[in-house]
Amino acid sequence: GERDRNLKNIMPDFSVVVINYNGKEFLRRSLTCVRESGLSPLRVVVVDDASTDGSDKMARSEFPEFLLLRHEENRGPTAARNTGAREARGKYIIFLDNDVLVRENTFETLIHFMETHPEAGICGPKFKPEKGEKIWWNMGYDPNIFRATIGRLFGFLLIIFPDSKNIKNASMRFSLNYWDYDYLLEVGWVGEACNTVRRDIFDQMGGFDEQFVMFHEGPDLSRRMGKKGFKTYFNPDVEVDLLESHTHSSSKRRTLFIKSTVLFYRKHYFNLK
């Protein structure tokens, strides 16, 4: 109908930034989906964060039409996103982790939403994990320290006990994922593995805060965007498939999560730098 005609008239005024660390097979699948998307970006930037598994050579040889950048030392996903964003073109940037598979209409639906919602600074899709269950970190609120503390407590417990169904189910009750998974929602944050940002505002703010090496860089960006009057949306009409690869050890992830959580509270609740 009319919506389909509108989607066909969308200009591909966006770039895609795909980050990777030692995930060659995931990256190959992800970039294949980007290549086969129904709406082609102005530029695809692949940022390899000092992989040792040959990811960069694979990307350069099998996807020569994409721009490949490489960090010589591992700096983490936040810095990798910023590196890619500096080479982006167009009005919007779509950030992807290497374990996210976009569908044929993912890009055009995201861009159409941003074009028709000028108040949107960030929009995230619904993640569809391989196992088919809801994931607690797809999106959520962060409106006050009580809810945020409980939400992050469950997040912390899930890093310590990642396979605990009881903790996962309990955490759902303190996040939007439990109640409102199928509605367009204004939220406090969306998952960093795939989202779209308005590039001019993103650039004005200096991109992601690289103090957050991993974890909370998305919620931090949403908070800063919110102070400039731009909203963060969860749009369940946009779906991507999530392979869920973790290339960093659980102990490193746990340490970085704790460090980022402390930093987030210091920055946003106690105004400490």
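Before any of the text, the structure's been laid out above.
Residues numbered from 1 in each chain as written. Predicted model: local features only at pLDDT ≥ 70, side-chain atom pairs only at ≥ 80, totals over all residues. Heavy atoms only, no water.

Visitor: Would you take a moment to explain the overall build of the protein chain for this structure?
Guide: Helix and strand counts for the protein chain come out as 10 helices and 11 strands. Expressed as a percentage of its 273 residues, the buried residues of the protein chain come to 53%. When contacts within the protein chain are restricted to residue pairs at least 6 apart in sequence, those whose partners lie at least 24 apart make up 81%. For the protein chain, the accessible surface area stands at approximately 12,900 Å², while carbon and sulfur atoms represent 51% of it. (Helix = DSSP H or I, 4+ residues; strand = E, 2+ residues; numbered from the N terminus. Buried < 20%, exposed > 50% of the residue type's maximum accessible area, 1.4 Å probe, protein only. Contact = heavy atoms within 4.5 Å. Areas by Shrake-Rupley, 256 points an atom, 1.4 Å probe, with all protein chains shown as cover.)

Visitor: I would appreciate a short explanation of the packing of aromatic side chains in the present structure.
Guide: Think of a pair of aromatic rings as described by two things: how far the centres are apart, and how the planes are tilted against each other in angle. This model, assessed by the stated rule, comprises seven aromatic pairs. Centre to centre, the rings of Phe95 and Phe202 are 5.5 Å apart; their planes meet at 50°, and the pair counts as tilted. On the criterion of sequence distance, the pair formed by Phe95 in strand S4 (residues 92-97) and Phe202 in helix H8 (residues 199-204) is long-range, its members being 107 residues apart. Judged on exposure class, the residue Phe95 and its partner Phe202 are both buried. (Phe/Tyr/Trp six-rings, centres within 6.5 Å; stacked < 30°, edge-to-face > 60°.)

Visitor: How should the side chain of Asp209 be read in this particular structure?
Guide: Here Asp209 shows up in the loop between H8 and helix H9 (217-227). The buried category is assigned to Asp209, whose relative accessible area is 13%. Here the side chain of Asp209 touches Gln211 through a polar contact of 2.9 Å, landing on its backbone nitrogen. Separated by 2.7 Å, the side chains of Asp209 and Lys267 make a polar contact. (Polar contact = N/O pair within 3.5 Å; in protein donor to acceptor, adjacent residues only side chain to side chain.)

Visitor: Would you mind going over helix H4 (residues 77-85) with me for this structure?
Guide: Think of an α-helix as turning once every 3.6 residues; residues three or four places apart then point the same way. Counting buried residues in H4 gives nine out of nine residues, a clear majority hidden from the surface. Of the positions making up H4, those classed as buried are Pro77, Thr78, Ala79, Ala80, Arg81, Asn82, Thr83, Gly84 and Ala85. On its buried face, H4 is in contact with strand S1 (14-20), strand S2 (43-49), strand S3 (67-71), S4, H8 and H9.

Visitor: Got a minute to help me understand the packing of H9 against helix H10 (residues 250-268) in this structure?
Guide: The N-to-C vectors of H9 and H10 enclose an angle of 15°; their axes lie 11 Å apart at closest approach. Classed by the angle they form, the pair H9 and H10 counts as roughly parallel. Crossing handedness for the pair H9 and H10: left-handed. Facing Pro219, Asp220, Arg223, Arg224 and Lys227 of H9, the residues of H10 in contact are Phe264, Lys267 and His268. Taken together, the residues that form the contact of H9 with H10 break down as two nonpolar, one polar and five charged. (Axes fitted to C-alpha atoms, helices over the stretch in contact; angles between N-to-C directions. Parallel < 35°, antiparallel > 145°, perpendicular 65-115°, else oblique. Left-handed = near helix turned anticlockwise from the far one by under 90°. Nonpolar A, V, L, I, M, F, W, Y, C, P; charged D, E, K, R; others polar.)

Visitor: I tried to follow the pairing of S4 on my own but got confused; where do I start?
Guide: Every other side chain in a regular strand lies on the same face of the sheet, so the side chains alternate between the two faces. Where burial is concerned, most of S4 is hidden: six out of the six residues are buried. Pairing of S1 with S4 involves six bridges; the strand directions are parallel. Residue Val18 lies in a different strand from S4, and its bridge partner there is Leu96. Summarising the sheet, S4 and strand S10 (residues 194-198) pair through five bridges and their orientation is antiparallel. The residue of S10 that forms the bridge with Ile94 is Thr196. (Pairing = 2+ DSSP bridges.)

Visitor: Explain the environment of Ala80 here, please?
Guide: Structurally, Ala80 is set in helix H4. The buried category is assigned to Ala80, whose relative accessible area is 1%. Spatially, the C-alpha atom of Ala80 lies 9.9 Å from that of Phe208, the residues being 128 residues apart in sequence. For Ala80, the residues in contact, after removing those within four places along its chain, are Ile19, Val47 and His71.

Treat this as a map of the structure, not an account of what it does.
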